[in-house]
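Structural overview
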Amino acid sequence: MVSITLYSAQGCGYCSAAESLLRRKGVTQWHKIDVDQEPGMLEKMIQLTGRRTVPQIFIGPVHVGGFDDLLSLDKGGKLDDLLNAL
């Protein structure tokens, strides 16, 4: 299974939904970065993604985007391939 990084914030419903979807796909571990609690991480996330909203999800080196993007990959049948690619 490939490494997953999830930029998140406390109380974010879309972040929780992304985590639930990953669990349903059999993912049990990911690196969660709380942009509210870790100084400088919001700025780093914005630099990496060009986006200011959470969640921002990376599967391996691939920036998936937010929850809607993750869900779209799943509905399109491409999420499993991405999770198993590396």
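The protein goes by Glutaredoxin in an unreviewed UniProt entry, where it is assigned to Hydrogenophaga aromaticivorans. Here the protein is described in UniProt, under the heading Function (unreviewed entry), as follows: "Has a glutathione-disulfide oxidoreductase activity in the presence of NADPH and glutathione reductase. Reduces low molecular weight disulfides and proteins." Recorded in UniProt under Sequence similarities (unreviewed entry), the annotation for the protein is "Belongs to the glutaredoxin family."

As a further point, take the pattern of salt bridges. One pass over the full model with this rule turns up five salt bridges. The shortest N-O distance in the salt bridge between Lys25 and Asp80 comes to 3.1 Å. Here the residue Lys25 occupies a position in the loop between α1 (13-24) and β2 (31-34), and Asp80 occupies one in helix α4 (residues 79-85), the gap between them amounting to 55 residues. Classification of Lys25 as partly exposed rests on a relative accessible area of 25%.

This brings us to the state of the cysteines. As used here, a disulfide is simply a covalent bond connecting the sulfur atoms of two cysteines. This model, assessed by the stated rule, comprises one disulfide. Residue Cys12 pairs covalently with Cys15 via a disulfide, S to S 2.5 Å. Here Cys12 and Cys15 share a disulfide; its torsion about the S-S bond, 80°, makes the bridge right-handed. Owing to a relative accessible area of 1%, Cys15 belongs among the buried residues under this scheme.

Conventions and cut-offs
- Residues numbered from 1 in each chain as written.
- Predicted model: local features only at pLDDT ≥ 70, side-chain atom pairs only at ≥ 80, totals over all residues.
- Heavy atoms only, no water.
- UniProt positions renumbered as here; feature names shortened; annotations may be inferred.
- Salt bridge = Lys/Arg side-chain N within 4 Å of Asp/Glu carboxyl O.
- Helix = DSSP H or I, 4+ residues; strand = E, 2+ residues; numbered from the N terminus.
- Buried < 20%, exposed > 50% of the residue type's maximum accessible area, 1.4 Å probe, protein only.
- Disulfide = S-S within 2.5 Å.

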